[in-house]
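So you can see what is in the structure, the chains are spelled out below.
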Amino acid sequence: LRLKHEKGEINKLEKKEYSEMNGKIFSYRLKIVESEIQRSTNNNLKKYLEQNPDFISKLVFHTLEFEDESLEYYKSKSSIYWNFKSFAHIYLRHSIDLTVKGNYELKTNFQYELKEIKNILKKCIDANIDSIIERLNAGKSFRLYGDKSYYYNGNYYSMNVDATGRVASFYPLENPT
């Protein structure tokens, strides 16, 4: 339906269905965002948006545009992926664009645009794919942190892939030890 909508080839019934589907997806994702904001600020979404009105336009755009994606599927039995929950956790805490002002405001931020962050994440997965696959095949999560963190372009990165293959966290480190 999305492709038909983008091409302008959607009929009224499909348009209604498409709109309802997007509404459900948006509501579900808004709950995820609210959970992240609650963890970061101890505020609910409404109160946070009242205090940070410029945040809403960025939030709406990213909430609607993000698509779940496999980040590695050729080398492993199961896909290594990120979904909106991964995206919200990573970007609301660590991107300069979307960082939620609150408890995690002083955490390290990426120096890159959103697309570049995804590319670095993919490089981190590729560089550690054998170890990730080994852990996932054993039913365990994979984690990089401290002196085992991933080094790229002058920065160190921490990553956690849960036992299902979902990227649970990814962020830059200031001084890994």
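The structure displayed is predicted, hence computed values, not measured ones.

Caption draft 1: Spotlight on the overall build of the protein chain. Scanning the protein chain from N- to C-terminus turns up 7 helices and 6 strands. In sequence order, the protein chain lays out its α and β elements as α-α-α-α-β-β-α-α-α-β-β-β-β. Split into buried and exposed, the 177 residues of the protein chain put 41% on the buried side. Within the protein chain, residue pairs in contact and separated by at least 24 positions form 52% of the contacts whose partners lie at least 6 positions apart. Only carbon and sulfur atoms are counted for the fraction: they give 49% of the accessible area of the protein chain, which is about 10,700 Å².

Caption draft 2: Structural context of the packing of helix α2 (residues 12-41) against helix α4 (residues 55-65). Direction vectors running N to C along α2 and α4 enclose 130°, while the axes themselves pass 10 Å from each other. Comparing their axes, α4 and α2 come out oblique. Crossing hand, α2 versus α4: right-handed. Side by side, α2 and α4 meet where Phe26, Arg29, Leu30, Val33 and Ile37 of the first sit next to Phe55, Leu59, Val60, Thr63 and Leu64 of the second. The class makeup of the residues in the contact of α2 with α4 is 8 nonpolar, 1 polar and 1 charged.

Caption draft 3: Spotlight on the pattern of salt bridges. In this structure the tally under the stated criterion is 8 salt bridges. Between Glu65 and Arg2 there is a salt bridge, with its nearest N and O atoms 3.7 Å apart. In this pair, Glu65 sits in helix α4 while Arg2 sits in helix α1 (residues 2-7), placing the two residues 63 residues apart along the sequence. One salt bridge connects Asp162 with Arg166, and the closest N-O pair in it is separated by 3.4 Å. Residues participating in the shared-partner salt-bridge network are Arg2, Glu6, Glu65 and Glu67.

Scoring rules and cut-offs
- Residues numbered from 1 in each chain as written.
- Predicted model: local features only at pLDDT ≥ 70, side-chain atom pairs only at ≥ 80, totals over all residues.
- Heavy atoms only, no water.
- Helix = DSSP H or I, 4+ residues; strand = E, 2+ residues; numbered from the N terminus.
- Buried < 20%, exposed > 50% of the residue type's maximum accessible area, 1.4 Å probe, protein only.
- Contact = heavy atoms within 4.5 Å.
- Areas by Shrake-Rupley, 256 points an atom, 1.4 Å probe, with all protein chains shown as cover.
- Axes fitted to C-alpha atoms, helices over the stretch in contact; angles between N-to-C directions.
- Parallel < 35°, antiparallel > 145°, perpendicular 65-115°, else oblique.
- Left-handed = near helix turned anticlockwise from the far one by under 90°.
- Nonpolar A, V, L, I, M, F, W, Y, C, P; charged D, E, K, R; others polar.
- Salt bridge = Lys/Arg side-chain N within 4 Å of Asp/Glu carboxyl O.

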